[in-house]
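# Structure assessment
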Protein chains: 2
Amino acid sequence: MSITQAEIKRIRSLREKKFRDAYGLFVVEGEKLVQEALRSDFRVEGVWRREEIGDAAMERISQLSSPSPVLAVVARPEAAGPVLERGLCLALDGIRDPGNLGTIIRTADWFGVRTVYLSDDCADLYNPKVIQASMGSIFRVRAAEADLPELCRRVREAGMPVYGTFLDGRDLYREALSAEGLVVMGNEASGIRPEVAAQVDRRLLIPAAPGSGAESLNVATATAVVLSEFRRR
Amino acid sequence: MSITQAEIKRIRSLREKKFRDAYGLFVVEGEKLVQEALRSDFRVEGVWRREEIGDAAMERISQLSSPSPVLAVVARPEAAGPVLERGLCLALDGIRDPGNLGTIIRTADWFGVRTVYLSDDCADLYNPKVIQASMGSIFRVRAAEADLPELCRRVREAGMPVYGTFLDGRDLYREALSAEGLVVMGNEASGIRPEVAAQVDRRLLIPAAPGSGAESLNVATATAVVLSEFRRR
């Protein structure tokens with residue numbers, strides 16, 4: 001299988017969000033991620049291997065500083081819209097760092113959270129750093145953009161609690177946690193924004209050790225601690 | 001306060017580990033981190049502010065793509081050697097990613113772990129990405145390089161358990177965890193190396209949700225889940 005100049009140009013354009021949006025496509029690299037894409041429900045548009053297209057072409061299409069031996073172009077799933085799901089779901093309010101976003105999706109997958117809702121100012125889900133950090137979980141966890149205040153209202157109307165972490169929340173380790181509901185995690189610097197916080201009816205705190213000088217946890221780390229508590233109940 | 005060409009050259013050299021090692025110095029940037037350095041026991045060699053030295057000089061000494069308004073050069077603490085400590089300690093076996101290392105130090109600080117032992121192939125503790133990700137915890141948590149198999153032996157001889165996470169370990173949520181001991185976390189790709197694993201007498205597993213397709217957790221995330229379990233006991 002060879003590659004045309006037009007294909008190279010199109011694949012390279014997917015480094016930019018505007019072209020990912022326009023074409024509805026994104027790039028995954030590396031043997032493991034490409035295998036995960038092929039096994040998933042996602043439609044794979046094409047797979048390019050270094051041994052078939054040569055080092056020079058691979059270097060041009062790869063987004064990594066050391067090009068991997070294989071790259072796939074994958075179609076995004078249809079945006080399903082925020083259908084309300086029973087079970088435990090996650091809502092991310094302005095998670096800006098792609099590494100954090102990918103790690104949170106990986107963590108959600110591990111702990112059995114099947115749907116992650118994103119505010120429109122989160123990092124782009126199809127940013128290559130998000131894909132890499134998700135370690136393939138991007139193909140298993142459903143991610144949907146949502147108006148978070150509205151989503152929270154609907155979750156509560158459906159009789160489920162909305163959780164969030166706050167410095168003045170209640171000790172996570174001593175709270176009774178439910179099997180269903182929504183957990184909101186906020187922006188790296190500013191936390192959950194006020195319009196969303198107003199909809200949180202179960203305010204939680206991950207208590208620091210007495211005398212700790214740390215002011216906060218990294219948001220991906222905090223998400224893991226919270227989901228672990230739900231999982232262990 | 002102005003800055004000389006020789007100072008600029010010396011500060012720039014601290015981007016490289018060999019010069020950080022040779023001078024015993026490292027750089028911190030940003031108002032919050034510089035304040036933490038000044039409040040800490042670390043000796044601060046100098047502080048440079050943009051309004052004093054000008055934009056051009058700041059751009060030359062800064063290691064960030066957008067230079068922060070303030071930069072400090074800080075002396076490393078004396079390497080104390082791996083004095084055995086009571087309480088819960090952490091040992092990192094080949095953590096290569098600077099972001100992971102910094103995040104783990106921040107997490108250790110939050111959960112009250114005061115000493116983190118590092119194998120000699122971990123990322124450099126004074127790498128700017130480690131410092132940034134630690135969010136100042138680098139100034140509060142004692143980090144010491146150690147021969148991990150030897151350290152584990154000494155911990156066990158002192159009557160304390162050595163914990164580690166393994167895919168065939170025992171369910172973390174159902175184990176009785178002690179207030180003292182050592183928790184070993186392994187390399188991002190290959191986990192805990194065999195010579196160290198042989199010294200772990202309490203093998204733990206963070207259980208995935210039934211049906212999860214994820215193969216593992218990010219190591220900083222896994223560290224947070226494990227330390228949270230010790231903290232909540």
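A brief report on the enclosed structure follows. These numbers were taken from a predicted model, which means no experiment stands behind them.

Reading guide: rules and limits
- The numbers attached to residues start from 1 for each chain and follow its sequence in the written order.
- The order in which chains are written sets their letters, starting at A; the order in which ligands are written sets their numbers, starting at 1.
- The predicted origin of the model limits local features to residues at a pLDDT of at least 70 and limits the giving and counting of side-chain atom pairs to 80 or more, whereas totals for whole chains, interfaces and linings rest on all residues.
- Side-chain figures throughout are based on the complete set of non-hydrogen atoms in the structure, without hydrogens or water.
- Each copy is superposed on the other by least squares, with the fit set by C-alpha atoms of residues at a pLDDT of at least 70 in both.
- Here a strand pair is declared whenever DSSP counts at least two bridges between the two strands.
- Here a helix means four or more residues in a row that DSSP labels H or I, a strand means two or more in a row labelled E, and each is numbered from the N terminus.
- For helices, the axis comes from a line fit to the C-alpha atoms of the stretch in contact; other axes are also lines fit to C-alpha atoms, and the angle between any two N-to-C directions lies between 0 and 180 degrees.
- Two residues form a contact once any of their heavy atoms are found within 4.5 Å.
- Put simply, buried area is how much 1.4 Å-probe accessible surface two parts lose in total, over both of them, once they are put together.
- We count a salt bridge whenever a side-chain nitrogen from Lys or Arg sits within 4 Å of a carboxyl oxygen from Asp or Glu.
- Two N or O atoms count as a polar contact when they lie within 3.5 Å, although within protein this holds only if one can serve as hydrogen donor and the other as acceptor, and sequence-adjacent residues are included solely when both atoms are side-chain atoms.
- Throughout, exposure labels follow a simple rule: accessible area from a 1.4 Å probe, protein chains only, divided by the maximum for the residue type, with under 20% read as buried, over 50% as exposed, and the rest as partly exposed.
- Any pair of Phe, Tyr and Trp rings, taking the six-membered ring for Trp, is counted once the centres come within 6.5 Å. Such a pair is stacked with planes under 30 degrees apart, edge-to-face with planes over 60 apart, and tilted for the rest.
- Charge-over-ring contacts are defined here by two conditions on Lys NZ or Arg CZ: a distance within 6 Å of the ring centre and an angle within 35 degrees of the ring normal.

## Thoughts on the relation of the copies chain B and chain A
When chain B is fitted to chain A, the best match, at an RMSD of 0.0 Å, comes from turning it 180° and sliding it 0.0 Å along the axis. In short, the pair behaves as if placed about a two-fold rotation axis.

## A look at the sheet that holds strand 9 (residues 202–205) of chain A
Residues and elements named next belong to chain A. Ordered in space as 6-5-4-8-7-9, the 6 strands form an open sheet in which the pairing is parallel. Each edge of the sheet is formed by a strand with only one pairing partner; in this case those strands are strand 6 (142–145) and strand 9. Averaged over all adjacent pairs, the angle separating strand axes in this sheet is 35°, with direction ignored. Against the sheet, helix 6 (residues 98–110) touches strand 4 (88–93) and strand 5 (115–118), its axis set at about 175° to strand 4.

## A look at the interface of chain B and chain A
Between chain B and chain A, the contact holds 32 residues from the first and 32 residues from the second. Buried surface at the junction of chain B and chain A, summed over both partners, amounts to about 3000 Å²; 54% is from carbon and sulfur atoms. Considering only the surface of chain B that becomes buried against chain A, Arg106(B), Trp110(B) and Arg232(B) emerge as the three largest contributors, covering 26% of it. Across the contact surface, chain B and chain A share 2 salt bridges. For Glu229(A), the salt bridge goes to Arg232(B), with nearest N and O atoms at 2.7 Å. For the pair chain B and chain A, the number of links is 18 residue pairs in polar contact (both at pLDDT 80 or more). If you list the elements that add at least two residues to the side of chain B that touches chain A, you get helix 3 (31–39), helix 6 (98–110) and helix 10 (219–232) of chain B.

## Quick notes on the pattern of salt bridges
Between side chains of opposite charge, pairing is possible as soon as their charged atoms come close. Tallied over the full model, the rule gives 44 salt bridges over all chains. Between Glu175(B) and Arg202(B) there is a salt bridge, and its shortest N-O distance comes to 3.2 Å. Of this pair, Glu175(B) sits in the loop between strand 7 (162–171) and strand 8 (181–186) while Arg202(B) is found in strand 9 (residues 202–205), placing the two residues 27 residues apart along the sequence. A relative accessible area of 19% means that Glu175(B) is categorised as buried. Salt bridges here are not isolated pairs; linked through shared partners, they connect Lys32(A), Glu36(A), Arg39(A), Asp109(A) and Arg140(A).

## A word on the sheet that holds strand 7 of chain B
Residues and elements named next belong to chain B. Taken in spatial order, the 6 strands of this open sheet run 6-5-4-8-7-9, and their pairing is parallel. The open sheet has two free edges, formed respectively by strand 6 (142–145) and strand 9, since each of these has just one partner strand. Taking each pair of neighbouring strands and ignoring which way they run, the sheet shows an average axis angle of 35°. As defined by bridge partners, strand 5 (residues 115–118) adjoins strand 6 across 4 bridges and the pair is classed as parallel. Counterpart to Leu118 in the pairing with strand 6 is Glu145.

## Observations regarding the packing of aromatic side chains
All chains considered together, the criterion is met by 12 aromatic pairs over all chains. Judged by centre distance (6.2 Å) and plane angle (25°), the rings of Phe19(A) and Tyr23(A) are stacked. Separated by 4 residues within a single helix, Phe19(A) and Tyr23(A) lie in helix 2 (residues 17–23), roughly one turn from each other. We note Arg203(A) situated over the ring of Phe166(A); from NZ or CZ to the ring centre the distance is 3.8 Å. Lying across the ring of Tyr23(B), Arg10(B) places its NZ or CZ 5.4 Å from the centre.

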